[in-house]
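# Examination of the molecular architecture
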Amino acid sequence: MLTNLSHDEKKRLAAIELLKADEHDRDEILGRMTRLTGKTLGIATSFIAILDGDTQYLKAPYALPAPVTETRREDAFCLTAVAADDITVCADMRLDPRFRDNPFVRGAPYVRFYAGAPLRSRDGVIIGTLCLIDIQPRLFTSEQIATLRIMAGLVSAFLEAWHNIGYIDAVTLLPNRQRLMNDLRLLQTPGAVRRYRLMLFDCIDMPFAYEIARSLGMTVVEDMLRDMATLLRLKLEWHDTLYSVATGRYAVIMDDDSPIPPAELNDHLAGLSAHINTQINIDLHISAGYVGFAPGELDPTEILRRAVSALHDAIGRKKRVMAYDAASDARQKEDFRLLNDFYPYLHGKPGLYLVFQPKIALRNGRVTGLEALIRWQHPALGNITPDRFIPLLEKTTLMAALTDWVINAALDQVKQWSAKGIHLPVSINVGVSDLSRPHFADALAEKITARGLPPALLGIECLETERVLESAEALHGLERLKQRGFTISLDDFGTGYSNIGYLRKMPLDIIKLDRSLIKTLTTDKASHTIVSHVISMLKALDYTVLAEGVEDAGTFTSLRALGCDEVQGFYHSPPLTAAHLETWLGHYQTAHG
Ligand code: C2E
Ligand code: CA
Ligand code: CA
């Protein structure tokens, strides 16, 4: 029964299984090694003995006096060498109480001499013995013992290397991900009750590593990766195998009841650094994620996937260590599902539509324009808000396709309204990825011209200010839009970025004050003071100022008193479908002359 075996014992049995199996090329090399051993030491016969539960297998035999391929375990000479855990030599077996009753000594082929050296795996476990026998008694000098030890070392190293081909990470020389998967598989035995933990460590920020490689060369990065593995092992003081599963990512399988609770890893992993050269050290920001599992309960791929999920949670939330969290994993899966589902909607599947929210001039109560906002009706998940799916799309090329969809839908609507005598400009929201597209402004201008509309009927709301400011392409894209005659609004002013000197770097017409800035305008005096100064300053700089998210009459009146130009918000109207907007517009215009 394998259920109660230690991890090492399982590794040993797995190694024995591998060695027992016939493998032509490997066995031929082993054959040459046993022959060389016999010849060098001047002993007639040599072979490799492998022991399992009840059988001894003779592998790569050279000049056996009888055609034996396996024997009963209890008749194996090498039991003595295994028990002694060292080289065992018997000059004359007939005179030795350990061997004299052995059937191969008492009967044919009447073996008289035995020398056996244990073969060890890298973990130190004995997986077989390199044996020499003779049908005559022999003296075996200490020099011969030393040679036998060397030969056994060579055979062990050969076997290790042979079985590790494809299982070793070439840079760190640690066992790799394939090996980890195999080892996880080895833990799976029917009825296993023990729980384990797979822990993953992320030690390097890949973009930074590429920067280093770019300026100092790949060797420096490879040295760093090796340093990291060593440091990790030293710091953690674990004896479990460390695997290298991806560049800068390491893994350990440990008992789930291991003495180092994950929380304590914090102290262990803090303050580590790796050398770039003699002068420069870089701080390692190590994150770890782990998952507990009972072998057999999950397959190895799923175990690793969960550990990766935990690791990414830790990295994403800037935590040192995080356990696998099913809820967060489910959300991640749903994100992926949404992303996957989205594509057909961009190509005609019904479910995407625009809603429009009016913007009102405070001076005269007129509607100055509309903001187009995307909506997605999912057949199973219902109405999904843009805050939920746009951040997902932004990481993909689908974002450009969505913006194009919005542009076409908005322009088609503007055209329809124009035909009905409604001449209101519509603004669309664009982020850094759109603004950075080389021909974005030209393509937009072409689409407007193709519909016979003036550019003044389309406005651009610029999202992601900080990222736009960091991108020369995006800033350039904004300039081109401005040159083409589009009105540019800066969205979400008052969130994030606090240095307002940047405003002059962007060609802006309208500044949209974020709702967070104005929502306590009537209840908080300090907020009133801030908004008042912000509006004065923006007006002094000649911007049109629009306040977003105005929900009540009090805020509306205050903003008017403070000299704000326009408002947008639930107080006047939520975003509406085109048809509803027309109705709203009819009512509003009747009421406001
Ligand atoms: P945003 O551009 O700041 O849009 C304003 C958001 O505030 C809209 O949310 C709108 O429905 C909501 N809102 C309007 N009035 C009020 C109010 O009085 N009170 C409150 N609490 N909220 C109000 P929505 O439509 O969910 O859009 C959220 C964000 O998603 C937008 O923020 C924008 O950043 C993004 N987004 C929406 N449509 C698009 C699009 O077509 N393209 C891109 N790139 N982003 C879009
Ligand atoms: Ca907006
Ligand atoms: Ca906004």
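Report follows, based on the coordinates. Because the structure is a prediction, the values reported are computed rather than measured. Within every chain, residues take consecutive numbers counted from 1 along the sequence as written. Starting at A for chains and at 1 for ligands, labels are handed out in the order in which the entities are written. Where totals are concerned, whole chains, interfaces and linings use all residues; where local detail is concerned, this predicted model gives features only for residues with pLDDT of at least 70, and gives and counts side-chain atom pairs only at 80 or more. Side-chain measures were taken over the full set of non-hydrogen atoms in the model, leaving aside hydrogen atoms and water.

## Things to note about the coordination of the calcium ion (ligand 2)
The coordination sphere of the calcium ion (ligand 2), as far as protein atoms go, consists of Glu371 (OE), Asn429 (OD1), Glu461 (OE) and Asp491 (OD), spread over 2.1 to 2.3 Å. Donor atoms: N, O and S within 2.8 Å of the metal, or within 3.2 Å for Na, K and Ca. Because water is excluded, sites can look incomplete. The sequence motif formed by the donor residues of the calcium ion (ligand 2) is E-x57-N-x31-E-x29-D. With a 1.4 Å probe rolled over the protein chains alone, any residue whose accessible area is under 20% of its type maximum counts as buried; one over 50% counts as exposed, and the rest are partly exposed. You can call aspartate 491 buried: its relative accessible area is 4%.

## Comments concerning the packing of aromatic side chains
Stacked, tilted and edge-to-face are the three classes assigned to paired rings of Phe, Tyr and Trp, where Trp is represented by its six-membered ring and a pair needs centres within 6.5 Å; plane angles under 30 degrees give stacked, over 60 edge-to-face, the rest tilted. What the rule picks out here adds up to 13 aromatic pairs. Ring geometry for tryptophan 584 against tyrosine 588: centres 4.8 Å apart, planes inclined by 15°, an arrangement best described as stacked. Of this pair, tryptophan 584 and tyrosine 588 both sit in helix α21 (residues 578-591), four residues apart, which is roughly one turn of the helix. Residue tyrosine 588 is classed as buried on the basis of its relative accessible area, which comes to 9%. By way of ring pairs, the aromatic residues Phe342, Tyr345, Trp376 and Phe389 are connected into one cluster. Directly above the ring of tyrosine 290 sits arginine 197, whose terminal nitrogen or CZ lies 5.5 Å from the centroid. Working definition: helices are DSSP H or I runs of at least four residues, strands are E runs of at least two. Numbering for both runs from the N terminus. Criterion for a charge above a ring: Arg CZ or Lys NZ at most 6 Å from the ring centre, at most 35 degrees from the ring normal.

## Topic: the layout of surface pockets
If a probe the size of a water molecule is rolled over the atoms, the empty space left behind becomes visible. A pocket, in this scheme, is an open set of points on a 1 Å grid over the protein atoms alone with protein on both sides within 12 Å along at least 5 of 7 lines, while a cavity is a set where a 1.4 Å probe fits but cannot get out; residues line either one if an atom lies within 4 Å of a point. Grid points are joined across faces, edges and corners, and a volume is the space filled by probe spheres set on the points. One number sums up the size of the largest pocket: a volume of about 1,000 Å³. Of all the secondary-structure elements, those providing two or more residues to the lining of the largest pocket are β15 (367-378), α12 (386-393), α13 (398-419), β17 (426-430), α14 (432-435) and β19 (487-493). There is about 630 Å³ of room inside the second largest pocket. Elements supplying a minimum of two residues to the lining of the second largest pocket: α1 (7-20), α5 (142-164) and α6 (177-187).

## Overview of the pattern of salt bridges
Any carboxyl oxygen of Asp or Glu within 4 Å of a side-chain nitrogen of Lys or Arg constitutes a salt bridge here. Summed over the entire model, instances satisfying the criterion amount to 42 salt bridges. For the salt bridge of aspartate 223 with arginine 226, the shortest nitrogen-to-oxygen distance reads 2.9 Å. Taken as a pair, aspartate 223 and arginine 226 lie in helix α8 (residues 218-236) at a separation of three residues, close to a single helical turn. Take arginine 226: its relative accessible area is 32%, and that puts it in the partly exposed class. Three or more residues joined by partner-sharing salt bridges are found here, namely Asp22, Glu23, Arg26, Asp27 and Lys59.

## Quick word on the site of ligand 1
Note on terminology: near, applied to a residue and a molecule or strand, indicates that one of the residue's heavy atoms is within 4 Å of it. Lining the immediate environment of ligand 1, one finds 22 residues, of which Gln357, Arg375, Asp491, Glu551 and Phe570 sit closest. Here a polar contact is taken to be a pair of N or O atoms separated by no more than 3.5 Å, where protein atoms must pair a possible hydrogen donor with a possible acceptor and residues adjacent in sequence count only if both atoms sit in side chains. Contact distances for ligand 1 include 3.1 Å between an oxygen atom and a side-chain N or O atom of asparagine 429. Taking phenylalanine 570, its main chain carries an N or O atom lying 2.8 Å from an oxygen atom of ligand 1. Protein coverage of the free-state accessible area of ligand 1, which is 790 Å², stands at 83%. Judged by its atoms lying within 2 Å of the grid points, ligand 1 is housed in the largest pocket. Counting only elements with at least two residues in the shell around ligand 1, the list comes to β15, α12, α13 and β19. Considering every element that reaches the shell around ligand 1, the biggest residue donor is β15, with four residues. In the scheme used here, Gly and all other residues not listed as nonpolar or charged are polar, with Ala, Val, Leu, Ile, Met, Phe, Trp, Tyr, Cys and Pro taken as nonpolar and Asp, Glu, Lys and Arg as charged. Taken together, the residues that form the shell around ligand 1 break down as 10 nonpolar, four polar and eight charged. The method behind every accessible area is Shrake-Rupley, applied with a 1.4 Å probe, and residues are considered shielded solely by the protein chains displayed. For this analysis, a molecule is said to be in a pocket or cavity if more than half of its atoms are within 2 Å of the grid points defining it.

## Focus: the packing of α12 against α13
Running from N to C, α12 and α13 point in directions that differ by 130°, and their axes come no closer than 8 Å. When the axes of α12 and α13 are compared, the pair comes out oblique. Here α12 contributes Phe389, Ile390 and Leu393 to the contact with α13, which in turn contributes Leu398, Met399 and Leu402. Class assignment for the residues of the contact of α12 with α13 results in six nonpolar, no polar and no charged. For every element, the axis is a line fit to its C-alpha atoms; helices are fit only across the contacting stretch, and the angle between N-to-C directions ranges from 0 to 180 degrees. Angular relationships are summarised with four words: roughly parallel below 35 degrees, roughly antiparallel beyond 145, roughly perpendicular across 65 to 115, and oblique for the angles in between. Residue contacts are counted whenever heavy atoms from the two residues lie within 4.5 Å of one another.

## A closer look at the pairing of strand β2 (residues 55-62)
Strand pairing is assigned whenever DSSP detects at least two bridges linking the two strands. Across five bridges, strand β1 (residues 45-51) lies against β2 in antiparallel orientation. Bridge pairing in β2 places isoleucine 50 opposite tyrosine 57. Note: β2 against strand β3 (residues 70-72), three bridges, orientation antiparallel. When the sheet's bridge partners are listed, threonine 55 is paired in β3 with arginine 72.

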